[in-house]
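A closer look at the structure
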Amino acid sequence: MTRRRKIYEGKAKILYEGPEPGTIIQYFKDDATAFNAQKKGTINGKGVINNRISEHVFTRLAHIGIPTHFIRRLNMREQLVKQVEIVPIEVIVRNVAAGTLSKRLGIEEGTPLPHTLLEYCYKDDSLGDPLIAEEHIACFGWATQEEMQDISSMAIRVNDFMSGMFAGIGIRLVDFKLEFGRFFDGDFARIILADEISPDGCRLWDIETNEKLDKDRFRRDLGGEVEAYQEVARRLGLLPDEGSSEIMDLDAHRAKKSK
Ligand code: TYD
């Protein structure tokens with residue numbers, strides 16, 4: 001195997017130069033971090049599950065016309081994506097109060113919000129990704145007014161689609177984080193959805209029991225992280241029923257199914 005050039009190593013993923021210009025390979029690690037990387041650990045097999053869940057969600061979003069960076073999954077831990085210039089903003093979409101919103105404003109976790117709330121954080125680890133207003137984005141030129149239009153309308157469409165998708169499998173989509181990038185087509189830059197969508201960046205609660213099926217299991221030392229991530233994948237139809245031991249063998253399962 002030829003050695004690929006590593007472009008960047010983040011908390012949960014490594015980015016390598018892709019096989020063609022303008023492409024990147026995203027490698028999904030098992031590493032987990034929380035609270036601005038003050039808490040570190042590993043969740044065995046998380047990278048494999050997140051790679052698969054993110055592939056599924058991005059593919060379905062593409063079907064409803066959301067432009068994304070996803071090209072194809074390459075193997076258990078890697079996917080090929082379009083190279084973009086990341087907009088330095090994390091978009092948080094909230095349907096139900098939880099996490100920092102609950103802490104900041106004293107709203108009990110689990111309180112449904114009167115309408116979907118969009119929040120923005122400035123992507124800078126050294127500053128702890130601070131919450132910002134749209135005025136900061138315009139003031140410091142992190143994105144143009146038109147780009148923010150595209151970003152906010154896409155975020156709402158993604159939320160509508162994902163809320164329905166998860167409700168259909170008995171999961172409440174409480175909140176989640178999105179990242180966007182600029183894809184250059186000649187001189188013209190277009191906003192597309194980037195990064196990943198997985199239980200690392202979503203709050204997913206069982207509709208019946210409110211059981212947490214996301215990274216809060218790690219953040220809050222609840223245990224059962226692997227099982228929770230697998231349960232999400234299983235309900236999405238990405239794992240054989242009850243097939244926790246087969247998580248490392250998804251490709252074999254797919255091949256079997258398509259016969
Ligand atoms: P939030 O409640 O703001 O922060 P925390 O996860 O630290 O309690 O998070 C809202 C949602 O967005 C949650 O599902 C986690 C996700 N998120 C990330 O994935 N990365 C981030 O840097 C932030 C701020 C949130």
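As recorded by an unreviewed UniProt entry, the protein chain carries the name Phosphoribosylaminoimidazole-succinocarboxamide synthase and is attributed to Sphingorhabdus lutea. The record held by UniProt for the protein chain lists under Pathway (unreviewed entry) the comment "Purine metabolism; IMP biosynthesis via de novo pathway; 5-amino-1-(5-phospho-D-ribosyl)imidazole-4-carboxamide from 5-amino-1-(5-phospho-D-ribosyl)imidazole-4-carboxylate: step 1/2."

Another point: the pairing of strand β13 (residues 188-194). Relative to β13, strand β12 (residues 171-185) runs antiparallel, the two being bridged by seven bridges. Across the sheet, the residue bridging to Glu-179 is Ala-194, located in β13. Connecting the antiparallel pair β12 and β13 is a turn made up of two residues, with Gly-186 showing a positive phi of about 65 degrees.

Not every one of the 15 residues close to the ligand is listed here, only the nearest: Glu-90, Arg-94, Thr-100, Asp-175 and Arg-203. Here an oxygen atom of the ligand sits 2.7 Å away from a polar atom, N or O, in the side chain of Glu-90. Thr-100 is positioned with one of its side-chain polar atoms (N or O) 2.6 Å from an oxygen atom of the ligand. Of all the elements in the fold, those that place two or more residues in the shell around the ligand are β9 (89-96), α2 (99-105), β12 and β14 (202-206). When the residues that make up the shell around the ligand are grouped by side-chain class, the tally is four nonpolar, three polar and eight charged.

On to helix α1 (residues 46-63), then. Counted at 1.5 Å a residue, the expected span for α1 with its 18 residues is 26 Å, and the 26 Å between its end C-alpha atoms agrees. Gly-65 sits one or two residues past α1 and shows a positive phi near 95 degrees.

On to the packing of α1 against helix α6 (residues 225-235), then. At a minimum axis distance of 10 Å, the contact between α1 and α6 shows a crossing angle of 25 degrees. Considered as vectors, α1 and α6 are oriented roughly parallel to each other. Classified by chirality, the crossing of α6 by α1 is left-handed. On the side of α1, the interface is formed by Lys-46, Ile-49, Asn-50 and Ile-53, while α6 contributes Val-226, Tyr-229, Gln-230, Val-232 and Ala-233.

Here the focus is unusual backbone geometry. Phi at Asp-129 is positive, roughly 45 degrees, even though this residue is not glycine. Mapped onto the secondary structure, Asp-129 falls in the loop between β10 (112-122) and β11 (131-132). Owing to a relative accessible area of 16%, Asp-129 belongs among the buried residues under this scheme. You will see that Asp-221, though not glycine, has its phi angle at about 55 degrees, which is positive. By the element assignment, Asp-221 lies in the loop between α5 (216-219) and α6.

Analysis parameters
- Residues numbered from 1 in each chain as written.
- Predicted model: local features only at pLDDT ≥ 70, side-chain atom pairs only at ≥ 80, totals over all residues.
- Heavy atoms only, no water.
- UniProt positions renumbered as here; feature names shortened; annotations may be inferred.
- Pairing = 2+ DSSP bridges.
- Helix = DSSP H or I, 4+ residues; strand = E, 2+ residues; numbered from the N terminus.
- Near = heavy atom within 4 Å.
- Polar contact = N/O pair within 3.5 Å; in protein donor to acceptor, adjacent residues only side chain to side chain.
- Nonpolar A, V, L, I, M, F, W, Y, C, P; charged D, E, K, R; others polar.
- Expected span 1.5 Å × (residues − 1).
- Axes fitted to C-alpha atoms, helices over the stretch in contact; angles between N-to-C directions.
- Parallel < 35°, antiparallel > 145°, perpendicular 65-115°, else oblique.
- Left-handed = near helix turned anticlockwise from the far one by under 90°.
- Contact = heavy atoms within 4.5 Å.
- Buried < 20%, exposed > 50% of the residue type's maximum accessible area, 1.4 Å probe, protein only.

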